Amino acid sequence: MILDAGEREQLARRAKAAIAGRPVDWNEALPPLEQAAALGDEWSMCMLGWCHEFGEGVERAPEQALELYVKAAERGYAPAQCNLGALYVVGAPGCPPDPARGAAWLTKAAGQGMKRAQYLLGSLFERGRGVEQDMKKAAGCFTDAARQGYAPAQFSLGVCYERGLGVEKDYAAALHQYLQAAAQGHISAVYNAGYFYEMGLGTPQDEKKAVAYYTRAAQAGDADGQCSLAWCYDSGVGVPRDPERAVEWYKKAVEQQHLRAMHNLAWCYRMGQPGANGPDRAQRAAELFRRAAEGGYVSSLCDLGCCYREGFGVERDPERAVELFRAAAEKGNAKAMDQLGECLLYGIGAEKDEAEAVRWYKKGAAAGSPEAQFDYALCCDEGLGCPQNPEEAVRWYQALADQEWPGRPCWIDALNNLGECYRYGKGVQQDLAKARALYEKAGGQGSDMAWFNLGECFEKGEGGPPDLDRAVECYRRGVEECRAGGDCALALALLHERGEGVEKSTAEAARLARLALERAGGDAQVIGDAKALLARLSGEE
């Protein structure tokens, strides 16, 4: 039967109407679609090709799809050119990949303004598939498609602006594109918008907006969004801190094999926070560190080493710990560099090698580990594993002191040690006022040694006239505010023994001497002096 153009168009309209239904009734759609395609209707040829490519309503047959796409594409039909180009790029059974041919067809479709083709062509320029890699051309293609509101292109253009790929880096422009794509439900764009708001990139920092976007991404099943939302609950960023909800969201991301979520959830178990404080928490932590490490998460490689060093959740194995620390350190993990340095310095799980320890401390310091910065400075200060170098010690103590790490032991110790350098003019010009200020800052962070040093300055009149009352105040603050270290308790005990600045009291001197012994840890000097004082006091009694 011979049909005219009007009847062909009528068949195509019938096919379109049937395909527009939900669900599609292919029994109704296919007959007019096949007839219209056979009569040369470009839309029908392209649509039937799509059906054969993906097995929708018909048996999957990529070769037939290719034939139909070619017929419509050669007539200049842009959607068919785009589908044909995409098929050549990815390939299919009976249709081996040919990215160069795919790029040629995508170029034709893109030239007709087809946004999907513009985006796909940009992706080829981005990766250098079928064309020479050219980020400027990639960004240009993404821009063309983004202007037409194509969400994947808006997202990719946002990435270009974020990283300065093919365009000048521009966080505000990147965020604009992410927001455009996010408004259309592009989940990766939703997540990226949240990250920009959290970090204040291209916009004033807004943690509440960040949480809102992370929540959208997380609820849509995005693992990055789930992990970041968990972190917000874990840290109280943009929401009240809620450790249990944090654990819940980390677990959802872990179900999708999200490595950062594995690492963070491992730390939840390690710290025993609510929701992760069961009797098997140590084993769970070690297992999660292991899984993340095997997936390539280097921080977990280091923290698994810590588990083996301490016997936390696994049998203690210092040699295995050193292997893990070395593997992580060689991959650039600064914390692992410090841990490896410590093992080598003291011969834990490896032969003692002070020079090699210092080498790793120095690398860790340069890589940004606060602990490694302190340890390297201390080695230079005391000549451990390297020639004594007070100037280098001061440089690293100062670098660490400038970072502000409240409550972090290495930072507090760096403040105190830097104070010592200024007090005695080691590696820096003597400045007793700076020394006192550093001691006071460290003491305010809970350093008994810093309060002792500051009290001693007042007692001896270093940096000003002697002031026994201020010295006593410093020693008392060390006793009352610090949990470790016996220097202040011993200093105050000696004053009570002599009755200087405080009431002379054998009983109080003995109490404080015993407290000094309890808090001394392994400080041989404090232990010996406290025992000697107790012996004297016992003789007096």
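For the structure given in this document, a descriptive report is provided here. (Residues numbered from 1 in each chain as written. Predicted model: local features only at pLDDT ≥ 70, side-chain atom pairs only at ≥ 80, totals over all residues. Heavy atoms only, no water.)

Some remarks on the overall build of the chain
Thinking step 1. The secondary structure content of the chain amounts to 29 helices and zero strands.
Thinking step 2. Whereas a compact globule of 541 residues would reach a radius of gyration of roughly 24 Å, the chain reaches 35 Å, over 25% beyond that.
Thinking step 3. Referenced to the eigenvectors of the C-alpha coordinate spread, the extents of the chain come out at roughly 125 × 50 × 45 Å.
Thinking step 4. Per-residue burial for the chain yields a buried fraction of 48% across its 541 residues. (Helix = DSSP H or I, 4+ residues; strand = E, 2+ residues; numbered from the N terminus. Rg over C-alpha atoms; globule rule 2.2 N^0.38 Å. Buried < 20%, exposed > 50% of the residue type's maximum accessible area, 1.4 Å probe, protein only.)

Notes on the nonpolar core
Thinking step 1. By size, the foremost hydrophobic cluster in this structure holds 126 residues, and its most contacted members are Y178, Y250, L265, Y397, Y475 and L492.
Thinking step 2. Ranked by residues supplied to this core, first place goes to helix α23 (residues 409-424) with eight residues.
Thinking step 3. Counting residues in each nonpolar core, the second largest holds 27 residues, with A15, V58, Y69 and L87 among its members. (Core = buried A, V, L, I, M, F, W, Y, C linked by side-chain atoms within 4.5 Å.)

Some remarks on the packing of helix α5 (residues 78-90) against helix α6 (residues 99-111)
Thinking step 1. Between α5 and α6, whose axes approach to 7 Å, the crossing angle comes to 160°. Between α5 and α6, the crossing angle belongs to the class labelled roughly antiparallel. Here α5 and α6 pass one another in a crossing that is left-handed. Contacts from A78, Q81, C82, L84, G85, A86, Y88 and V89 in α5 reach P99, R101, G102, W105, L106, K108 and A109 in α6.
Thinking step 2. In terms of residue class, the contact of α5 with α6 is built from ten nonpolar, three polar and two charged. (Axes fitted to C-alpha atoms, helices over the stretch in contact; angles between N-to-C directions. Parallel < 35°, antiparallel > 145°, perpendicular 65-115°, else oblique. Left-handed = near helix turned anticlockwise from the far one by under 90°. Contact = heavy atoms within 4.5 Å. Nonpolar A, V, L, I, M, F, W, Y, C, P; charged D, E, K, R; others polar.)

So, the packing of aromatic side chains
Thinking step 1. One pass over the structure, following the stated rule, counts twelve aromatic pairs.
Thinking step 2. Following the ring pairs from residue to residue traces out a cluster consisting of F155, Y171, Y178 and F196.
Thinking step 3. A cation over a ring is seen here: R270 above F312, with NZ or CZ 4.6 Å from the ring centre.
Thinking step 4. In this arrangement the basic side chain of R320 is found over the ring face of Y308, its NZ or CZ atom lying 6.0 Å from the centre. (Phe/Tyr/Trp six-rings, centres within 6.5 Å; stacked < 30°, edge-to-face > 60°. Lys NZ or Arg CZ within 6 Å of the ring centre and 35° of its normal.)

Observations concerning helix α24 (residues 432-444)
Thinking step 1. The end-to-end C-alpha distance of α24 is 18 Å, a good match for the 18 Å that 13 residues give at a rise of 1.5 Å each.
Thinking step 2. Listing the buried residues of α24 in full gives A435, R436, L438, Y439, A442 and G443. Down the axis of α24, the buried set is contained in an arc of 165°. They therefore lie on one face.
Thinking step 3. Buried residues along α24 sit in contact with α23 and α25 (448-460).
Thinking step 4. At the N-terminal end of α24, a side-chain oxygen is found 3.3 Å from the backbone nitrogen of A433, two or three residues along, and the residue is D431. (Expected span 1.5 Å × (residues − 1). Arc of directions from axis to C-beta. Polar contact = N/O pair within 3.5 Å; in protein donor to acceptor, adjacent residues only side chain to side chain.)

Section: unusual backbone geometry
Thinking step 1. Geometrically, the link from R22 to P23 is a cis peptide bond, its omega value of -5° lying close to zero.
Thinking step 2. Positive phi outside glycine occurs at Q257, with the angle close to 65°.
Thinking step 3. With respect to the element layout, Q257 can be found in the loop between α14 (243-255) and α15 (259-271).
Thinking step 4. Taking relative accessible area as the criterion, Q257 reaches 49% and is therefore assigned partly exposed.
Thinking step 5. One non-glycine residue, E404, adopts positive backbone phi at about 60°.

Digging into helix α9 (residues 151-163)
Thinking step 1. Here α9 contains 13 residues, and its C-alpha end-to-end distance of 19 Å stays within 8% of the 18 Å for a straight helix at 1.5 Å per residue.
Thinking step 2. With ten of 13 residues buried, α9 lies mostly within the body of the structure.
Thinking step 3. Residues of α9 that are buried include every one of A151, A153, Q154, F155, S156, L157, G158, V159, C160 and E162, and no others.
Thinking step 4. Residues of α9 that are buried in the fold lie against α7 (115-127), α8 (135-147), α10 (171-183) and α11 (187-199).
Thinking step 5. G164 sits one or two residues past α9 and shows a positive phi near 70°.

Treat this as a map of the structure, not an account of what it does.
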